[in-house]
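Descriptive analysis of the structure
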Amino acid sequence: TPEEGKSPTGGTARKRTPILAMTAGVTEEERRRCLDAGMDGYLTKPILPADLHRALARYLGQPAVTPRDLYAEDPELAAQLVRLYLKDAPSYLGGLEHALAAGDAEQIIFHAHTLNGMAGNLNLHALVELLQAMMKNGRRHDLDQARADFPGLRNLFLSTSLGLERTLPPED
């Protein structure tokens, strides 16, 4: 929790800013390493908005607001997040397809990981599952399985994007 402290000059310092680790590492060893390095808390990727809001509320001493509440209170914010996803995500899907064709496991992981975070921010759970499987295949260098899984991932991505477009209010 934020604490009052003394500044190096002897005066009272402002409350310390809490530091949260955000990592793909899910083991207890990874969690311990982050905390031992001075992190106040630990979140694993994909970072779901509800988890982030709970952590921020805990460390900042504010009531937790769920993403659903936030979006209900601010539909403009929700629309901005969806528009950003629809604008940026297709290029990462294209990068993933290119990495699969090139057999580049590191780029497969990078593009799937980025898309995974974007999808997680919008609570697109089915897409997150497929992207996590793609990352796992990339880490194992199982390119045949990754290539076999891509058409289903692409179809879900396209249908999800179409559904998201339909939720948007018309732009002014």
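Read on for a plain summary of the structure. Once a new chain begins, its residue numbering starts again from 1 and follows that chain's sequence as written. Where local features are concerned, this predicted model is filtered to residues with pLDDT of at least 70; where side-chain atom pairs are given and counted, the filter is 80 or more; whole-chain, interface and lining totals use all residues. To get the side-chain values, take all heavy atoms of the structure and skip hydrogens and water.

**Observations concerning the environment of phenylalanine 150**
Strands here are runs of E lasting at least two residues and helices are runs of H or I lasting at least four, both read from the DSSP assignment and numbered beginning at the N terminus. Its location among the elements puts phenylalanine 150 in helix α7 (residues 143-167). Residues phenylalanine 150 and leucine 130 lie 20 residues apart in sequence; the distance between their C-alpha atoms is 8.8 Å.

**Things to note about the packing of aromatic side chains**
The way to describe two aromatic rings as a pair is by their centre distance and the angle between their planes. Two rings from Phe, Tyr or Trp (for Trp, the six-membered ring) form a pair when their centres are within 6.5 Å of each other. A pair whose planes differ by under 30 degrees is stacked, one over 60 is edge-to-face, and the rest are tilted. Considering all chains together, one arrives at 2 aromatic pairs under this definition. Seen in terms of ring centroids, tyrosine 85 and phenylalanine 157 are 6.1 Å apart; in terms of plane orientation they differ by 45°. Their pairing is tilted. Of this pair, tyrosine 85 sits in helix α4 (residues 75-102) while phenylalanine 157 sits in helix α7, and the two are 72 residues apart along the sequence. Given the relative accessible area of 2%, tyrosine 85 is considered buried. Think of it in three bands: residues with accessible area under 20% of the maximum for their type are buried, residues over 50% are exposed, and the middle band is partly exposed, with areas taken using a 1.4 Å probe on protein chains only.

**Considering the side chain of asparagine 137**
As for its position among the elements, asparagine 137 is in helix α6 (residues 125-139). Of the polar contacts made by the side chain of asparagine 137, one reaches the side chain of arginine 140; its length is 2.8 Å. Within 3.5 Å is the distance limit for a polar contact, defined as a pair of N or O atoms, with the added protein rule that one can donate a hydrogen and the other accept it, and that residues adjacent in sequence qualify only through two side-chain atoms.

**Overview of the pattern of salt bridges**
Any Lys or Arg side-chain nitrogen located within 4 Å of an Asp or Glu carboxyl oxygen qualifies as a salt bridge. In the structure shown here, the tally under the stated rule is 6 salt bridges. Arginine 154 serves as the salt-bridge partner of glutamate 97, at 3.2 Å between the closest nitrogen and oxygen. With glutamate 97 in helix α4 and arginine 154 in helix α7, this residue pair connects regions lying 57 residues apart in the sequence. Here glutamate 97 falls in the partly exposed class, since its relative accessible area comes to 39%. On the basis of relative accessibility, which here comes to 27%, the residue arginine 154 falls in the partly exposed class.

**Overview of the nonpolar core**
Buried together is how nonpolar side chains tend to be arranged in soluble globular proteins. Judged by nonpolar contacts, the single largest core of 27 residues is most densely connected at Tyr85, Leu96, Leu115 and Met134. Where this core is concerned, the elements lending two or more residues are α4, α5 (105-121), α6 and α7. With 8 residues, the top contributor of residues to this core is α4. Should any heavy atoms of two residues lie within 4.5 Å, those residues are counted as being in contact. The residues contacting leucine 96, other than those within four sequence positions of it, are Ile108, His111, Ala112, Leu115, Met134, Phe150 and Leu153. The criterion is simple. A nonpolar core is a set of buried Ala, Val, Leu, Ile, Met, Phe, Trp, Tyr and Cys residues joined through side-chain atoms within 4.5 Å.

**Focus: the pairing of strand β4 (residues 41-44)**
Strand pairing is assigned whenever DSSP identifies at least 2 bridges connecting the two strands. In the sheet, strand β3 (residues 20-23) pairs with β4 via 4 bridges, with the strands oriented parallel. Within β4, the position partnered with leucine 20 by the bridge is glycine 41. Crossover handedness is defined here as right-handed if the route from the first strand over the helix to the second strand goes clockwise, with the strands pointing away from the viewer. Regarding the hand of the β-α-β motif, the stretch spanning β3, helix α1 (residues 28-36) and β4 is right-handed.

**Description of α4**
Working rule for helices: expected span equals 1.5 Å times residues minus one. Compared with an ideal rise of 1.5 Å per residue, which puts 28 residues at 40 Å, α4 spans 40 Å between its outermost C-alpha atoms and is within 8% of the ideal. Two axes are fitted around each residue, one to the seven residues ending there and one to the seven starting there, and the angle between them is reported as the bend at that residue. At aspartate 88, α4 is deflected by roughly 30°, the largest bend along its length, and proline proline 90 occurs up to four residues later in sequence. Ala79, Val82, Tyr85, Leu86, Ala89, Leu93, Gly95, Leu96, Ala99 and Leu100 are the residues of α4 that are buried. On its buried face, α4 sits against α5, α6 and α7.

**Some words on the environment of valine 82**
Inspection of the secondary structure assignment puts valine 82 in helix α4. Expressed as a C-alpha distance, the spacing of valine 82 and leucine 122, which sit 40 residues apart in the sequence, is 7.5 Å.

**Examining the packing of α6 against α7**
Every axis corresponds to a line fitted to the C-alpha atoms, with the helix fit spanning only the stretch in contact, and the corresponding angles, defined between N-to-C directions, vary from 0 to 180 degrees. Two numbers describe how α6 lies on α7: the axes approach to 10 Å, and their chain directions differ by 160°. Our classification of the angle between α6 and α7 gives roughly antiparallel. The crossing of α6 and α7 is left-handed. Contacts between α6 and α7 involve Ala126, Leu127, Leu130, Leu131, Met134 and Asn137 from the first element and Gln145, Ala146, Asp149, Phe150, Gly152, Leu153, Leu156 and Phe157 from the second. Of the residues assigned to the contact of α6 with α7, the class counts are 10 nonpolar, 3 polar and 1 charged. Geometric relationships in this document are graded by angle, where less than 35 degrees denotes roughly parallel, more than 145 denotes roughly antiparallel, 65 to 115 denotes roughly perpendicular, and other angles denote oblique. Two helices cross in a left-handed way if the nearer one is turned anticlockwise from the farther one by less than a right angle. They cross in a right-handed way if the turn is clockwise. Amino acids are sorted into nonpolar (Ala, Val, Leu, Ile, Met, Phe, Trp, Tyr, Cys and Pro), charged (Asp, Glu, Lys and Arg) and polar (every other residue, Gly among them).

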